[in-house]
Structures are given as C-alpha cells and as structure tokens.
Amino acid sequence: MPLALLALAVGAFGIGTTEFAMMGLLPDVAGDLGISIPAAGHLVSAYALGVVIGAPLLAAATARMPRRTVLIALMGLFVAGNALSALAPDENWLLAARFLSGLPHGAFFGVGAVVATGLVAPERKARSVSLMFLGLTVANVAGVPAATLVGQHLGWRATFLGVSAIGLAAIASLYLLIPRTPGHTSGGGLRGELTALRPLPVWLALGTTVTGFAALFSAYSYITPMLTDAAGYAEGSVTPLLALFGVGATAGNLLGGRLADHAMRRTLFGGLASLVAVLAAFPLLMRTEWSAALAVVLLGTAAFVTGSPLQLMVMEKAAAAPSLASSANQAAFNLANAGGAWIGGLALAAGFGATAPATAGAGLAVLGIGVAGAAYAVDRRRAKRPAGPARVIATHVPDRQEALHH
C-alpha cells in the first residue's frame, strides 16, 4: 500500500479526535463557560451540522481543483476551526468555531477516499479506503482518551490546541506524500456534479448508510447507562470500555476492507446481519461485566465492517462525481448519528429498560438490510435492461442479408 495513505490516515486521526473528544469534555467546557451540560451538548450538534452542510457543498465547489490542493485546504480549515475553538471567549463563539471545524470533515473523507482508491490497483480499492478510515477508528482507541486526559489536566482549550497541532502534521504529510495530479475536469461543473447524485441507486446507497449507522448510534449514544445501569460497571470504568469499542471498530474496518475487495455486496449484507445479531443480543450480554465488555467490542466490529463497502458503493453509483458522492456519504453518516441517537433516546424514555436503545438499533439494522436489498434489486433490474437501439441495429436482419450478398 502506498505511503500516501498514511497522510490521509493522519488527517482522519485528527478529525476523529476532535469529533468525539468534545463528548468527554462537556463538563469541563460547561463549567468554564458557565453554562449547563445540555447547553454544552449543542456544541456536538454544531459540529455535526457543519459536517452535513459542508460535505456536499465543499466537495462540489472544489470538484475542478487538484485533489491534493483540496485536501490541504480542507485540513487548513480544520486547523483554523480548532484553533478558534481554543480561543473562543464564550459559548456563541465556541458554537461558531465548532461549526467551522465540522465543515471540512465530510469533504476531507470524501475527497480522500477518491484519492486513496486512485493510488492502488482496482482489486485493493476497499482496503485503501479502510486504511484511510484507520485513522478515525484509532482516534477512538488513543486520540479521544488522550484528548480527554489533556483536557482534564491542562484545560479543554489545550485539547483543541493539540488537535490543531495534529492538523498541521497532517498538512505537512499531505504536502510531502500525496502525488500532484491535475484538476478533475469531468462532470460539467457544479450542475453536473449535482446531477450525478440524482439516480435512484445513489440514494439507496446513501439510505443504507443512514439506516445502518443509525442502528449503531442508537445503541452507542447510550452505551454509558447500559454499562452502568444494566451491567453494573462503575462510572469511572466506562472510559477504558469505550476504548474497547475503538479496538473493535479498528478490527471491523480492516476486516471489511479486505473482504469487500473480494465481495463488496456480500460483505455489506454480512456486516448488517452481524449488527442485527449483536444489537439483539445486548439485553443478554449486558447482564454481566465480562459479556458487556465483549458486547462493546462486537458492536464496533460489526458496525465498521460495513464502512468501506458503503463508501465504495456510493462512489460507484455516482461515478461521474465520486468526490461529491463520497462526501455526501459522510453527511449521511452524521445524519445517522443524529437520527440514531434520537430514536434510541425515544426507546429509553419510553421506559423499556436500559438496553432498549440497542433493541431499537436492531430494528434499524433490519431496515438497513431492507434498503440494501432494494438497492440490489434495482441493480439487477438495470443489468437485465436491453442496451437500447444500437443493439437492434447491429443485429438487423436486412443488414446481415446485405452483407451476404457482398
């Protein structure tokens, strides 16, 4: 695998760290700014909103620029957003800075996935995407715990300054390791890029991402009360257990990339089916501490097996605008984050027990299999469709007779 993938992984590590570290820093931020923890939770939403808005818009606006230049510019915006977060004097400024930090997130992963697949042979495309996403999953193992620790001892502002430093390292890596390529000139400009997203298979692929990862976030958003109320862990033990989720996600990401290069569709269905099984088993697995720890690992593994095949499927369905499609998939991922957390919260508030969000997630994963099945059916129907008038003309009987006369 090309060393250039390391540069993409470094950027992904920084993005993953800043996205999830805020969840562990909410009490510190709330106390320093004099706001409530629910109000501080809006900072998480501001970042996600930046991702959803920035992913398609920035990818479409930069479609004709050299992708190396785009990646460096996006990471520069990332550094600026995190530096401004560290310097924010009040809640409103911090909200704006977090929104700015989220803008380049989806476009970076979207353009980065296109660059990653262009660096390798066709039979290694999924693996190349999984290696870029490796930075995101490793961030959950090492980056987020380290960022939380720094925030608790040196203040939350130091965390964002540290993340800015990671962004600068990513810029240097991108500049040194990503090959120079000319701008992407196909697609007919912004209108052409947006037109490439119109076909039904593209939306079914994006719908699979939303439903599949909403299943994950329905459970993961409420993993702490599950571990404490159902499994009996002390609150101080939750952080190491969340690192186990990162270990599982890393393993699932690498496994999914390897399997998807051989059978993308079967890997996708297998990952979603595994996610259904793991989430449905949560009420049983959360009864003891050791099985609860196993459940956390299995959840990360099953969910992230689907990451690489989903990214590739969206890119293939919108081949005329792969950067925009790939970025839109990241927006779909963040919609899944918000929607899954909302649905899991409804299940928890309904009084069905601490593991109710996982049961709701199992239902969402079943829905994801249904959407993926509809996408497969549409693909098969289109594959059987006649090629069009050209084929009829090529086999026209009078033409063959004329050829015999010659």
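Draft legend 1. Spotlight on the overall build of the protein. Counting secondary structure elements, the protein contains 19 helices and 0 strands. Counting all 406 residues of the protein, 52% fall into the buried class. Considering only contacts in the protein between residues 6 or more positions apart, those separated by 24 or more positions represent 84%. Entry remark: accessible area of the protein is about 17200 Å², with carbon and sulfur atoms responsible for 68%.

Draft legend 2. Structural detail: helix α5 (residues 91-118). Taking 1.5 Å as the rise per residue, α5 with 28 residues should run 40 Å; its terminal C-alpha atoms sit 42 Å apart, in good agreement. Counting buried positions along α5 yields 20 of 28 residues, so the element is predominantly enclosed. For α5, the side-chain oxygen to backbone nitrogen distance between the N-cap and asparagine 92 is 3.2 Å, and the N-cap itself is aspartate 90.

Draft legend 3. The packing of aromatic side chains, seen in detail. According to the stated counting rule, one finds 8 aromatic pairs in the structure shown. Seen in terms of ring centroids, phenylalanine 213 and phenylalanine 304 are 5.9 Å apart; in terms of plane orientation they differ by 75 degrees. Their pairing is edge-to-face. Taken together, the residues span a long stretch of sequence, with phenylalanine 213 in helix α9 (residues 200-220) and phenylalanine 304 in helix α14 (residues 289-304) at a distance of 91 residues. Like phenylalanine 213, the residue phenylalanine 304 is buried in the burial classification. Relative to phenylalanine 245, the ring of tyrosine 220 lies with its centre 4.1 Å away and its plane at 20 degrees, an arrangement referred to as stacked. With tyrosine 220 in helix α9 and phenylalanine 245 in helix α11 (residues 238-260), the pair connects residues that are 25 residues apart, well separated along the chain.

Draft legend 4. Examining a nonpolar patch on the surface more closely. On the surface, a nonpolar cluster with roughly 270 Å² of combined accessible area is contributed by Leu49, Ile53 and Leu57. As for its placement among the helices and strands, leucine 49 is situated in helix α3 (residues 42-61).

Draft legend 5. Looking closely at the nonpolar core. The biggest cluster of nonpolar side chains holds 92 residues, and the ones touching the most others in it are Leu8, Leu216, Leu227, Phe282, Met286 and Leu299. Here this core gets 10 residues from one element, more than from any other, and that element is α9. Contact partners of methionine 286, with chain neighbours within four places excluded, come to Ile223, Met226, Leu227, Ala230, Ala231, Ala292, Ala295 and Thr355. Within the second largest apolar cluster, 15 residues are counted, among which are Leu26, Leu33, Ala39 and Trp156.

Draft legend 6. Looking closely at the side chain of asparagine 82. Within the fold, asparagine 82 resides in helix α4 (residues 67-87). Those residues in contact with asparagine 82 that lie beyond four places of it in its chain are Thr18, Arg98, Ser101, Phe160, Val163 and Ser164.

Draft legend 7. Here's a closer look at the confidence of the model for the protein. On average, residues of the protein score 84 in pLDDT, and 90% of them are at 70 or above. Contacts from residues 390-406, a stretch scored under 50 in pLDDT, to residues over four places away or in other chains number 1 contact.

Draft legend 8. The packing of α5 against helix α15 (residues 307-317), seen in detail. Put simply, α5 and α15 touch, their axes get as near as 11 Å, and they point 85 degrees apart. On the basis of their axis angle, the class for α5 and α15 is roughly perpendicular. Across from Phe109, Gly110, Ala113, Val114 and Thr117 in α5, the residues of α15 making contact are Gln311, Leu312 and Met315.

Analysis parameters
- Just so you know, the residues in each chain are numbered from 1, in the order the chain's sequence is written.
- Where local features are concerned, this predicted model is filtered to residues with pLDDT of at least 70; where side-chain atom pairs are given and counted, the filter is 80 or more; whole-chain, interface and lining totals use all residues.
- Excluded from the side-chain calculation are hydrogens and water; included are all heavy atoms of the structure.
- Helical segments are the DSSP runs of H or I of at least four residues, strand segments are the runs of E of at least two, and each set is numbered from the N terminus.
- Exposure categories follow from relative accessible area, calculated using a 1.4 Å probe and restricted to protein chains: below 20% of the type maximum is buried, above 50% is exposed, and the middle band is partly exposed.
- Contacts are assigned to residue pairs with any non-hydrogen atoms lying within 4.5 Å of each other.
- Residue exposure ignores everything except the shown protein chains as possible cover, and the areas themselves are Shrake-Rupley values with a 1.4 Å probe.
- Each residue after the first adds 1.5 Å to the expected span of a helix.
- Two N or O atoms form a polar contact when they lie within 3.5 Å of each other; inside protein one atom must be a possible hydrogen donor and the other a possible acceptor, and for residues adjacent in sequence the pair counts only when both atoms belong to side chains.
- Side-chain rings of Phe, Tyr and Trp (the six-membered ring for Trp) are treated as a pair once their centres are within 6.5 Å; stacked means planes under 30 degrees apart, edge-to-face means over 60, and tilted covers the remaining angles.
- Only residues whose relative accessible area exceeds 30% and that form no salt bridge are eligible for patches; like-charged ones are grouped when within 9 Å, while nonpolar side chains (Val, Leu, Ile, Met, Phe, Trp, Tyr) are grouped when within 5 Å.
- By definition, a salt bridge exists where a carboxyl oxygen of Asp or Glu is found within 4 Å of a side-chain nitrogen of Lys or Arg.
- Definition of nonpolar core: a set of buried residues of the types Ala, Val, Leu, Ile, Met, Phe, Trp, Tyr and Cys, connected through side-chain atoms within 4.5 Å.
- Per residue, pLDDT measures the predictor's confidence, with a range of 0 to 100.
- Only the contacting stretch of a helix is used when fitting its axis, a line to C-alpha atoms as for every element, and angles between N-to-C directions run 0 to 180 degrees.
- Each angle gets one of four labels, with under 35 degrees taken as roughly parallel, over 145 as roughly antiparallel, 65 to 115 as roughly perpendicular, and the rest as oblique.

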